[in-house]
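Chain by chain, the residues:
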Amino acid sequence: MLVKRWCLVLVIWGDKYSDAHVNVAVRSARAHSATLRRAVLFTDRDRPGVDAFVTQRPFPEFFRRPEWFTHGYIAKLAMFSRADLPPDMACVYVDLDTVILGDLGRIAALVRGPNDYLMLPPGNLIGFGWLRRLRYRLTGGRDYAVGNSSVLAYSSSAEPNLCDVFRQLWETSDRADPKMHIDDRFISWFARDRLRAVPSSLAVMFRREFLSRSRLSQIWKSRIAPLFGRRRRLVAITLNGTAYKPEILLGLPEGSLVEDSKGRAGRWNQADFGTARAAILDHCKALIADQGRRQRTTDLS
């Protein structure tokens, strides 16, 4: 059963992503979900080209340190700022390079209590769970699972608040601790006792899901695993870590080799990507179209 209402949370700064990325994400989320009630964008400046449905919030002053926007992306932790989120609402955050192809409300529905946190899991067999928590205790807190913050789910009413805890630690503890400089690490450490994985049946990374280091692995991913219907239920594919921008993906010939920096590869075709390929292409076309409309408006003005 889906939650009655949830909030989409986005973060943007600089010029790597545009208003078009925000608009496509919001419109896709609204088109697929009847339970989406709010959208909040944390931004470094006012963005007049963003869809009117979106509430724009400036980054809290504390998170405006220049280095937090360039290394480790600590500025992303602003997404947990209680003062800037609607009260008592499940929140789903996605990176702006995420393809939304289904109802993100299905992820929001997994937030059943104020202190539930969900995150894309680590790329290993242990993941989150009791074994990793045991290792955390046995190592005196040195070993904990680190997830990926490209897709997150949490409650706006969580207590204690992650932003408040980070600020307190920054002001009173060892700033050299690695978790204080990488958003993924801090979120994973903070929520370590209750952190769960966003199911891979709902959200995946492009490079982990569709690219492989061996042909055998690729056959399993593209030919066998889909027989169980998992990919048919996907609602989000994050393109993080891939060098392929929309205009490049749109221009890729059928069957081109798609590679990442970690030795994974796959063929840009129906056999390896299934119906996700069409969804990714539709996403890219929507981005290009929105950017074109904005450029024409700017030229006319």
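Residues numbered from 1 in each chain as written. Predicted model: local features only at pLDDT ≥ 70, side-chain atom pairs only at ≥ 80, totals over all residues. Heavy atoms only, no water.

Residues Ile219, Trp220, Ile224 and Phe228 make up a contiguous nonpolar surface patch of about 410 Å² in total accessible area. Its place among the elements puts Trp220 in helix α7 (residues 215-224). (Patch = residues over 30% accessible without salt bridge, like charges linked within 9 Å, V, L, I, M, F, W, Y side chains within 5 Å. Areas by Shrake-Rupley, 256 points an atom, 1.4 Å probe, with all protein chains shown as cover. Salt bridge = Lys/Arg side-chain N within 4 Å of Asp/Glu carboxyl O. Helix = DSSP H or I, 4+ residues; strand = E, 2+ residues; numbered from the N terminus.)

Looking now at the nonpolar core. Of all hydrophobic cores here, the largest spans 40 residues; its most connected members are Phe80, Tyr154 and Phe166. Of all the secondary structure elements, the ones that give two or more residues to this core are β1 (6-12), β2 (36-43), β4 (90-94), β6 (117-120), β7 (148-155), α4 (162-172) and α5 (183-190). With 5 residues, α4 is the single largest residue contributor to this core. If near-sequence neighbours (up to four positions away) are discounted, Tyr154 is found in contact with Val9, Met79, Phe80, Leu85, Met89, Ala90, Cys91, Tyr93, Val111, Asp116 and Tyr117. With 33 residues, the next largest nonpolar core counts Ile12, Leu36, Val92 and Val235 among its residues. (Core = buried A, V, L, I, M, F, W, Y, C linked by side-chain atoms within 4.5 Å. Buried < 20%, exposed > 50% of the residue type's maximum accessible area, 1.4 Å probe, protein only. Contact = heavy atoms within 4.5 Å.)

With that out of the way, let us pick up the pairing of strand β12 (residues 265-268). Pairing between strand β11 (residues 256-259) and β12: 4 bridges, direction antiparallel. Bridging across to β12, Leu257 finds its partner in Arg267. If you look at the hairpin formed by β11 and β12, you'll find 5 residues sitting between the two strands, and Gly263 has a positive phi there, around 85°. (Pairing = 2+ DSSP bridges.)

A few words now on α4. Buried residues of α4: Leu162, Cys163, Val165, Phe166 and Trp170, and no others. Angularly, the buried residues of α4 cover 165° about the axis, an arc narrow enough to put them on a single face. In α4, those exposed residues whose orientation departs by more than 90 degrees from the buried face are Gln168, Glu171 and Thr172. The inward-facing, buried residues of α4 abut α5. Capping the start of α4, Asn161 holds a side-chain oxygen 3.0 Å from the backbone nitrogen of Cys163, two or three residues further along. (Arc of directions from axis to C-beta. Polar contact = N/O pair within 3.5 Å; in protein donor to acceptor, adjacent residues only side chain to side chain.)

With that settled, consider the side chain of Gln218. In this fold, Gln218 is placed in helix α7. Judged by its relative accessible area of 2%, Gln218 falls in the buried class. Polar side-chain contacts of Gln218 include one of 3.2 Å to the side chain of Asp272.

If you walk across this open sheet you meet the 7 strands as β3-β2-β1-β4-β7-β6-β8, and the pairing is mixed. With one partner strand each, in any of the chains shown, β3 (54-58) and β8 (195-197) form the two edges of the open sheet. Taking the axes of each pair of neighbouring strands and ignoring which way they run, one obtains an average angle of 25° across the sheet. In this structure, β1 lies alongside β2, joined through 7 bridges in parallel fashion. If you follow Leu10 over to β2, its bridge partner there is Leu41. Those strands touched by helix α1 (residues 19-32) are β1, β2 and β3, and its axis lies near 165° from that of β1. Where α5 meets the sheet, it contacts β6, β7 and β8, and its direction lies at approximately 35° from that of β7. (Axes fitted to C-alpha atoms, helices over the stretch in contact; angles between N-to-C directions.)

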